[in-house]
2 protein chains.
Amino acid sequence: MIGDRIRELREGENILLRQLAAQLDMDTALLSKMERGDRQFRKEEILELAKIFHQNEQELLTLWLADKILKATEGEAYIPEALKLALNTYQQSL
Amino acid sequence: MIGDRIRELREGENILLRQLAAQLDMDTALLSKMERGDRQFRKEEILELAKIFHQNEQELLTLWLADKILKATEGEAYIPEALKLALNTYQQSL
DNA sequence: CTATTTTAGTCAAAATTTGTCAAGTCAATA
DNA sequence: TATTGACTTGACAAATTTTGACTAAAATAG
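Cut-offs and rules
- Residues numbered from 1 in each chain as written.
- Chains lettered and ligands numbered in written order.
- Predicted model: local features only at pLDDT ≥ 70, side-chain atom pairs only at ≥ 80, totals over all residues.
- Heavy atoms only, no water.
- Least-squares fit on C-alpha atoms with pLDDT ≥ 70 in both.
- Contact = heavy atoms within 4.5 Å.
- Buried area = accessible area lost by both parts, 1.4 Å probe.
- Salt bridge = Lys/Arg side-chain N within 4 Å of Asp/Glu carboxyl O.
- Polar contact = N/O pair within 3.5 Å; in protein donor to acceptor, adjacent residues only side chain to side chain.
- Helix = DSSP H or I, 4+ residues; strand = E, 2+ residues; numbered from the N terminus.
- Near = heavy atom within 4 Å.

Draft legend 1. Region of interest: the relation of the copies chain B and chain A. Of the two same-sequence chains, chain B is brought onto chain A (RMSD 0.1 Å, axial shift 0.0 Å) by a rotation of 180 degrees. What we have between these two chains is a two-fold relation. Both copies share a contact surface, since 100% of the interface residues of chain B are interface residues in chain A too.

Given below as structure tokens:
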């Protein structure tokens, strides 16, 4: 999800994995895994990517966080119920 | 959240922490932390608790999973946006 | 006050996540 | 067909996080 978006942005600017990896100061193999969703980005990397691609931070951070949420719940039962409950609970607590 | 519910159920039946801990075969201090939300329950414990208190598994598992979600997102920005996005994405994927 | 229950702090073991490296696939092309 | 470049994959060690046990302090009940 966030990985797909980053890949889309990267390919849109004809940047190679290894070039983007260099900009982020990370191993190419790791960035490959991150774009493919095998590994998660760290938040600082998302912020850096927002700068590199001139994207809205909110858009990318939201995608990134949604990924984290789906990963935290994967394989479980009652995911939509729990998501709705979490949303209500969170909004209560504001 | 799930901890509060378990405490409520336990106190409703006048069971001591140490007694419930014994039924779950765990340390009393650990169960105390779990009820207070310092530590997370494991899924098997939730299932066992549903039996002990004759509660619907879905209700307790949903509370438990919502806790996990809130924990995975705590301290982040754009939580409601990400929750909504996760919900849509999840429902798409069915 | 005393006894019991609950909570807090600390620590090592266990589990999970992370980064690196080497080897691998695939497509283009000489 | 052999080579090259881009990307992917799997295995492993290092780093980080989570967990459970233990001890003792704090709170509560009698």
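Structure shown, so let's carry the discussion forward.
Draft legend 2. Quick look at the interface of chain B and chain A. On the chain A side, the residues contacting the 29 residues of chain B number 29 residues. Summing both sides of the interface, chain B and chain A together bury roughly 2,800 Å²; the carbon and sulfur share of this comes to 79%. On inspection of chain B and its partner chain A, the count reaches 2 salt bridges. With a shortest N-O distance of 3.0 Å, Glu 76 of chain B and Lys 43 of chain A are connected by a salt bridge. One can count 2 residue pairs in polar contact (both at pLDDT 80 or more) joining chain B with chain A. For the side of chain B that touches chain A, the secondary structure elements donating two or more residues are α5 (57–73) and α6 (79–92) of chain B.

Draft legend 3. Molecular detail of the protein's contact with DNA strand C. Contacts to DNA strand C come from 17 residues, most closely from Arg 7, Leu 16, Arg 18, Ser 32 and Arg 36 of chain B. Within 4 Å of the protein, the contacting atoms of DNA strand C are 57% sugar and phosphate, with bases supplying the remainder. A distance of 3.1 Å is found between a base oxygen of DNA strand C and a side-chain nitrogen or oxygen belonging to Lys 33 of chain A. At 2.7 Å from a phosphate oxygen of DNA strand C is found a side-chain nitrogen or oxygen belonging to Arg 36 of chain B. Elements with a contribution of two residues or more to the surface near DNA strand C: α3 (28–36) of chain A together with α1 (2–12), α2 (17–23) and α3 (28–36) of chain B.

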